[in-house]
Amino acid sequence: MLLTGWLFDVYEDPLDGLAVWLLGDDGRRRRLRQAFPVTFYASGPEARLKAVEGFLAKRSPAAQVERTERCDVFAGRDVPVVAVKVPRPADVPGVFRPLERAFPDLSYGDVDLQLSIRYAAASGLFPLARCRMEVDAGGRVLAAEALDSPWDMDRPPMPLRICSLEPDVDPAHADPRWLVVRCGEQEHRLALNAPRAMLVNLRALLLRHDPDLLLAARGDTWLLPWLIDLADQWGVDLPLNRDHHGKIGRRKERWYFSYGQLVYRGEQVLLAGRWHIDRHNAMLWDDYDLEGVLELARVTCLPVQTSARVSPGTGISSVQMLTALRLGVLVPWQKQQAEEPHSALDLFAADQGGLVYQPKIGLHRNVSGLDFVSMYPAIMVNYNISPETVSATPRPGAERVPELNLWIDRSRPGLVPQALLPLLNRRVALKERLAGLPHDSPEYQLNKKRASALKWLLVTCFGYLGYRNARFGRIEAHQAVTAYGREALLCAKEVVEEHGGEVIQMYVDGLWVKDCPADYPSLLDEILARSGLPVGLDGVYRWVAFLPSRVHPRRAAANRYFGVFQDGEVKVRGIEARRRDTAPFISATQLAVLKILARHADPQDGLPEAWQALRQRLDLLRRGRVKLEDLLLAQKMGRDMEEYKARSPVARAVAQLQAAGKTLKPGQRVRYLLTLGHPGVWAWDLPSHPPLASLDIARYEELVLRAAGTVLAPVCGILESQFPAYFRQHASPHEFDRYTSQALPGAAKALPRARGRAPASLPV
DNA sequence: TACAGTCGGGG
DNA sequence: GTGTACGACTGTA
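Residues numbered from 1 in each chain as written. Chains lettered and ligands numbered in written order. Predicted model: local features only at pLDDT ≥ 70, side-chain atom pairs only at ≥ 80, totals over all residues. Heavy atoms only, no water.

Asker: What am I meant to see in the domain arrangement of chain A here?
Answerer: Many structure descriptions define interface size as the accessible area lost when the parts assemble. You can read the domains of chain A as domain 1 (162–311), domain 2 (346–412 + 473–565), domain 3 (575–627 + 698–750) and domain 4 (633–683). The C-alpha-based centres of domain 1 and domain 4 are spaced at 28 Å. Counting residues at the interface gives nine residues for domain 1, matched by ten residues for domain 4. In total, about 690 Å² of surface goes out of reach between domain 1 and domain 4, with carbon and sulfur atoms giving 51% of it. Per-residue buried area on domain 1 facing domain 4 is highest for Trp255, Leu262 and Tyr264; these three make up 67% of the total on that side. Inspection of the region where domain 1 meets domain 4 yields two salt bridges. (Domains from an automatic or database assignment. Contact = heavy atoms within 4.5 Å. Buried area = accessible area lost by both parts, 1.4 Å probe. Salt bridge = Lys/Arg side-chain N within 4 Å of Asp/Glu carboxyl O.)

Asker: Please explain the pattern of salt bridges as it appears in this structure.
Answerer: Two side chains bearing opposite charge may form a pair once their charged atoms approach each other closely. Summed over the entire model, instances satisfying the criterion amount to 54 salt bridges. In this structure, Arg31 engages Asp243 in a salt bridge whose closest nitrogen and oxygen atoms are separated by 2.8 Å. Of this pair, Arg31 sits in strand β3 (residues 29–34) while Asp243 is found in the loop between α5 (219–234) and β14 (249–251), placing the two residues 212 residues apart along the sequence. A salt bridge links Asp538 to Lys571; its shortest N-O distance comes to 2.7 Å. Of the two residues, Asp538 is situated in strand β25 (residues 535–548) and Lys571 in strand β27 (residues 570–573); the sequence distance between them amounts to 33 residues. (Helix = DSSP H or I, 4+ residues; strand = E, 2+ residues; numbered from the N terminus.)

Asker: It is not clear to me how the nonpolar core should be interpreted in this structure. Could you clarify?
Answerer: One broad rule of soluble globular proteins: the nonpolar side chains tend to lie buried together. Counting residues in hydrophobic clusters, the biggest one holds 111 residues, and the most contacted among them are Ile277, Leu370, Met380 and Ile385. Looking at which domains feed residues into this core, each of domain 1 (162–311) and domain 2 (346–412 + 473–565) supplies at least three. When sequence neighbours within four positions are dropped, the list of residues in contact with Ile385 reads Ile379, Met380, Val390, Ile408, Val416, Pro417, Leu465, Ala477, Ala480, Val481 and Tyr484. Core analysis: the next-biggest nonpolar cluster, separate from the first, contains 62 residues, Leu363, Leu607, Ile697 and Ala708 among them. (Core = buried A, V, L, I, M, F, W, Y, C linked by side-chain atoms within 4.5 Å. Buried < 20%, exposed > 50% of the residue type's maximum accessible area, 1.4 Å probe, protein only.)

Asker: Explain the sheet that holds strand β21 (residues 398–400) to me, please; I cannot follow it from the model alone.
Answerer: Neighbouring strands of a sheet are bound in pairs by backbone hydrogen bonds; such pairs are parallel or else antiparallel. If you walk across this open sheet you meet the three strands as β20-β22-β21, and the pairing is antiparallel. Every interior strand has two partners, whereas the edge strands, β20 (390–391) and β21, have only one. When β20 meets strand β22 (residues 407–409), the two strands line up antiparallel, connected through two bridges. The residue of β22 that forms the bridge with Ser391 is Trp407. (Pairing = 2+ DSSP bridges.)

Asker: What exactly am I supposed to notice about the pairing of strand β10 (residues 162–167) here?
Answerer: On a regular strand, one side chain projects to one face of the sheet and the next to the other, so that they alternate. With four bridges connecting them, β10 and strand β13 (residues 213–216) associate as parallel partners. Paired with Ile162 across the bridge in β13 is Leu213. For β10 and strand β11 (residues 178–183), the ladder comprises five bridges, and the chain directions are antiparallel. Residue pairing in the sheet places Cys163 in a bridge with Cys183 of β11.

Asker: Before we go on, may I ask you to explain the environment of Glu295 in this structure?
Answerer: Relative to the assigned elements, Glu295 resides in helix α6 (residues 285–300). A relative accessible area of 0% places Glu295 in the buried class. Put simply, Glu295 and Leu128 are 167 residues apart on the chain and 9.3 Å apart in space, counted from C-alpha to C-alpha. For Glu295, the residues in contact, after removing those within four places along its chain, are Arg426, Arg450, Ala453 and Leu454.

Asker: In this structure, what is going on with the state of the cysteines? I would like to understand it.
Answerer: Simply put, the disulfide is a covalent bond whose two ends are the sulfur atoms of two cysteines. This structure, assessed with the given rule, holds one disulfide. For Cys163, the disulfide goes to Cys183, at an S-S distance of 2.4 Å. With a gap of 20 residues between them, Cys163 in strand β10 and Cys183 in strand β11 connect regions that are remote in the sequence. (Disulfide = S-S within 2.5 Å.)

Asker: Help me out: how do you make sense of the packing of helix α14 (residues 584–598) against helix α15 (residues 607–622) in this one?
Answerer: Geometrically, a packed helix pair is captured by the angle between its two axes and the distance between the axes. At a minimum axis distance of 8 Å, the contact between α14 and α15 shows a crossing angle of 160 degrees. Between α14 and α15, the crossing angle belongs to the class labelled roughly antiparallel. In this structure, the crossing between α14 and α15 has a hand that is right-handed. Of α15, the residues touching α14 (which contributes Phe585, Ala588, Thr589, Ala592, Val593, Ile596 and Leu597) are Leu607, Glu609, Ala610, Ala613, Leu614, Arg617 and Leu621. Broken down by class, the residue content of the contact of α14 with α15 amounts to eleven nonpolar, one polar and two charged. (Axes fitted to C-alpha atoms, helices over the stretch in contact; angles between N-to-C directions. Parallel < 35°, antiparallel > 145°, perpendicular 65-115°, else oblique. Left-handed = near helix turned anticlockwise from the far one by under 90°. Nonpolar A, V, L, I, M, F, W, Y, C, P; charged D, E, K, R; others polar.)

Asker: What am I meant to see in the sheet that holds β25 here?
Answerer: In spatial order, the strands read β23-β24-β19-β25-β26-β27; together these six strands make up an open sheet with antiparallel pairing. Each edge of the sheet is formed by a strand with only one pairing partner; in this case those strands are β23 (502–507) and β27. Neighbouring strand axes in the sheet, compared pairwise and without regard to direction, differ in orientation by 35 degrees on average. In the sheet, strand β19 (residues 362–372) pairs with β25 via ten bridges, with the strands oriented antiparallel. In the sheet register, Ser368 faces β25, and the bridge partner there is Val540.

Asker: Which parts of the structure should I look at to understand α15?
Answerer: Residues three or four positions apart in an α-helix share a direction because the helix packs 3.6 residues into each turn. Its 16 residues give α15 an end-to-end C-alpha distance of 22 Å, which sits within 8% of 22 Å, the value for a rise of 1.5 Å per residue. Those residues of α15 that fall on the buried side of the exposure criterion are Leu607, Ala610, Trp611, Ala613, Leu614, Arg615, Leu618, Asp619 and Leu621. Immediately beyond the C-terminal end of α15, within one or two residues, lies Gly624, with a positive phi of roughly 70 degrees. (Expected span 1.5 Å × (residues − 1).)

Asker: Would you take a moment to explain the environment of Ser587 for this structure?
Answerer: Position of Ser587 relative to the elements: it lies in helix α14. Between the C-alpha atom of Ser587 and that of Pro127, which follows or precedes it by 460 residues, the distance is 40 Å. Not counting residues within four places of it along the chain, the set of residues in contact with Ser587 comprises Glu576, Ala577 and Thr582.

Asker: Can you help me understand unusual backbone geometry in this one?
Answerer: Both trends apply: most residues other than glycine have a negative phi, and most peptide bonds are in trans. His678 connects to Pro679 through a cis peptide bond whose omega is 0 degrees. You can see Pro679 is positioned in the loop between β29 (669–674) and β30 (681–683). Here the phi dihedral of Asp110 falls at roughly 60 degrees; this positive angle occurs in a residue that is not glycine. For Asp110, the location among the structural elements is in the loop between β7 (107–109) and α3 (115–123). With a relative accessible area of 2%, Asp110 lands in the buried category. One non-glycine residue, Asn384, lies in positive phi territory at about 60 degrees. As for its placement among the helices and strands, Asn384 is situated in the loop between α9 (375–382) and β20.

As structure tokens, then:
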């Protein structure tokens, strides 16, 4: 039988090797089976390989053992190996573990690979591929072929049936009463206080709609674990899985450090034959949602349920492994080559990393923002930077890295550039398409999410190059990339200056140019021609403010700025509104003030209106008209409770929750209100809310004024620290407490003009 | 004032 | 599955 359709999912089947789900063109969802033997390799001295053969013949008779050669990418050549082929993926650990224990001195390759990646490399199929399968009467796949590729720009959408499940409130905050279930056009509200009826109804819905995707809010961390227990308790057979043979996969919650910050990942519940995604436990869901997840699955070949939950780092690592498998390069089981311990993992490490300049503090008009497009990935591709192409000694035909004693072999394409090239090309193609589409069209939205998912993959690949435990990482390659980056930025600066522009700020992959020559295309082309890397115009700022450091007011903070483009769009970086610990009301106030300034060609002309808006906001705060949710500060718990030395607000809020029986894990976010007296905070997830009168309004006022000062002080030409006093004196002629909304229009007239007040040290 | 603790950055 | 930068800022002691 010949079937065509979409590849829905592939996972291990203990008996047959693989379970393969096909979403057929006829609308049927079929669980097929496929035999799938897998091979891994051992390499080392001849005598040891002989011993391996003897060992396996005795200990693992089911394994087929063969002598051959494979490419060791770090050695740069084919090496003799023992190939060990086992009948099913599930057989690998049983054969490998004793082998590795007996021969710890050998190198191993292709051992610990995700099944989906092995399958993709072997079959040419990928998640969501259009495909044709030849299947026997017993549902065994005899042959399969892909009918499209992940790089296709236009593909028919996969006809997914989606069911969404959502509790009426966040279960961490309060006890939900309803579960809202949406299947297609229908919406059902299931009462949670009648568990048996709820289960029976949910079962009926699942059977009737048979969804491909359960999109559950808090599905990982609350709903599914709870439903599974409840169904068990009430003896209801709840068909969460579509695969009757499959088990529901549970992964425990965990926390870890990544790029210097603590990350908490909640428990995961993975279904068989159906996808389950919890948008609150899905990486970057708010950025690219389902379409981005599907794009990731196609290009990384990770299963959809995995793509939704992993960090882009895992994604890029999968693409590298896939590339290696397809090229016949061994994927090291453990990292082979020695390297210095290092710390500079991050894209923006200033020391021997990206180039950072001290901008000129204050307000600047008519500034162009120029950015290299995907700078670091473009460098890796353009200069062929890969762990195996970098060497610390000159080799014939190798190119020296600027400023460093490193050489790059450009005679053969490196593994990492080969993995990146299609991603980079696709992102460029998607962006080109976006440029021609109206922003409100569905096609624009779709492609934007795809481009965004690719962006994160590309951003992370640089970090992976320098990451100690990456399989295809090497610190020297990482250093080479940043060296080329610095060179490219300096090259761009030269070109700009030759054209008569003044560079007022440079930051890793971007530069800000005052009174940039208007002939952009030729300027950008020249930078491309001289640096080899594409540059784009981020936009032309009507004005942009670079902020001084709060700790050292004479020094500029490279990373705190805001500005307004010619079309009125606002861009902010590093200031309160960008920080996830800022209360929504405070962010909103800061942005509201900034948007008022943005409406004026000269931001100072917006000051009277900005003062008025600020007074109104403070008035709302005073009169208790701000929703409690909008006053929530949110911070991550950075360590275990016992490890806190200072009674910081977070520590106090966590302690409150603990006393109320709610335990938080490191990396989880704690939301709290600021209250009067001791302990000064009120954790949001406590069973009750604080009385309105106990909110520390004065403290909130301080925070509002501080955030407003960040954007207003540079426009007034004063230091941020002077702002609250300045505001009370100049912009608020009446006593604070006497504010009423009726008094406001008159008050606005009494405002002074700030123009010309700037001290000499602050260019305005 | 020193120290402890958390945040951004990429588009 | 793995994972702990750096500088800037805020708050505590």
